[in-house]
Amino acid sequence: MIRKLPYSWAKDPNHRVGVALITIDAGASYTIKASSASLNRFLFYYEGNAAIKIEEQSIDAGYLLDLQGGEDIVIKNITNGDAKLLLLEGEPINEPVAAYGPFVMNTEQELEESFREYRRTQFGGWPWGQEEAALVHAKDAGRFASYHFGKEIDKP
């Protein structure tokens, strides 16, 4: 099922919100094209058996990189197996941020209102906790992040 998100920051293509899983074959390279100098761009090398190279710097699996959004980034897989990466990018939202625990709002007052609503409704009236709309994982399911399309793994 595809749901439209009319109020999502990601809806506007000018915000350049992107999430991508990238697999680079052994000995190959991949270029992340320049987008915008203000773009926030993070690259997580989550699986591989040796280092990859970006601008002659070696990076081992398990590292997160904060990359420039306005520059082409060439990634070279110098391993003898696949290198798997997660790319997260988007323009800053330019809004104040107030955070406490899992709640992220714009102001302390909004945080307090969110806590009150959570206590009153147990999840703000979010319908997906109900059985018929179950888009959530069972409480006893443990980790749910998997980059192996359903195969349970110990780490993302």
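Residues numbered from 1 in each chain as written. Predicted model: local features only at pLDDT ≥ 70, side-chain atom pairs only at ≥ 80, totals over all residues. Heavy atoms only, no water.

Chemist: Describe the environment of aspartate 12, with residues and values.
Modeler: Within the secondary structure layout, aspartate 12 lies in the segment before strand 1 (18-24). Within polar-contact distance, the side chain of aspartate 12 engages the backbone nitrogen of asparagine 14 at 2.8 Å. (Helix = DSSP H or I, 4+ residues; strand = E, 2+ residues; numbered from the N terminus. Polar contact = N/O pair within 3.5 Å; in protein donor to acceptor, adjacent residues only side chain to side chain.)

Chemist: So what about a nonpolar patch on the surface? Which residues, and what values?
Modeler: Judged by side-chain polarity, Val19, Phe42, Leu64 and Leu88 come together as a nonpolar surface patch covering roughly 370 Å² of accessible area. By the secondary structure assignment, valine 19 is in strand 1. (Patch = residues over 30% accessible without salt bridge, like charges linked within 9 Å, V, L, I, M, F, W, Y side chains within 5 Å. Areas by Shrake-Rupley, 256 points an atom, 1.4 Å probe, with all protein chains shown as cover. Salt bridge = Lys/Arg side-chain N within 4 Å of Asp/Glu carboxyl O.)

Chemist: Describe the pattern of salt bridges, and please don't skip the residues or the numbers.
Modeler: Scanning the entire structure with this criterion turns up four salt bridges. The salt bridge involving arginine 16 is made with glutamate 91; its shortest N-O contact spans 3.1 Å. Taken as a pair, arginine 16 in the segment before strand 1 and glutamate 91 in the loop between strand 8 (83-90) and strand 9 (98-100) lie far apart in primary sequence, 75 residues in all. Look at arginine 16 and you get partly exposed, because its relative accessible area is 34%. A salt bridge links lysine 53 to glutamate 56; its shortest N-O distance comes to 3.8 Å. Overall, the relative accessible area of 57% leaves glutamate 56 in the exposed class. (Buried < 20%, exposed > 50% of the residue type's maximum accessible area, 1.4 Å probe, protein only.)

Chemist: Quick rundown of the sheet that holds strand 6 (residues 63-68)? Include the residues and the values.
Modeler: Backbone-to-backbone hydrogen bonds pair the strands of a sheet. The strands run either parallel or antiparallel. Strand order in the open sheet formed by four strands is 1-8-3-6, and the pairing between neighbours is antiparallel. The strands lining the two open edges of the sheet, one partner per strand, are strand 1 and strand 6. Adjacent strand axes in the sheet meet at a mean angle of 20 degrees, parallel and antiparallel pairs treated alike. Pairing geometry for strand 3 (residues 40-47) and strand 6, over six bridges, is antiparallel. Each residue of the ladder has a partner; that of tyrosine 45, found in strand 6, is tyrosine 63. (Pairing = 2+ DSSP bridges. Axes fitted to C-alpha atoms, helices over the stretch in contact; angles between N-to-C directions.)

Chemist: I'd like a description of the packing of aromatic side chains, backed by residues and values.
Modeler: Evaluation of the coordinates by the stated rule reveals four aromatic pairs. Geometrically, the ring pair formed by phenylalanine 103 and phenylalanine 115 is tilted, given 4.6 Å between the ring centres and 55 degrees between the ring planes. You can see phenylalanine 103 sitting in strand 10 (residues 103-105) and its partner phenylalanine 115 sitting in helix 1 (residues 108-121), a full 12 residues away along the chain. A relative accessible area of 19% places phenylalanine 103 in the buried class. Measuring from centroid to centroid gives 5.9 Å for phenylalanine 103 and tyrosine 118, while their planes differ by 70 degrees, and the two rings are edge-to-face. Of this pair, phenylalanine 103 sits in strand 10 while tyrosine 118 sits in helix 1, placing them 15 residues apart in sequence. Judged by its relative accessible area of 35%, tyrosine 118 is partly exposed. Joined through ring pairs, the aromatic side chains of Tyr100, Phe103, Phe115 and Tyr118 make up one cluster. (Phe/Tyr/Trp six-rings, centres within 6.5 Å; stacked < 30°, edge-to-face > 60°.)

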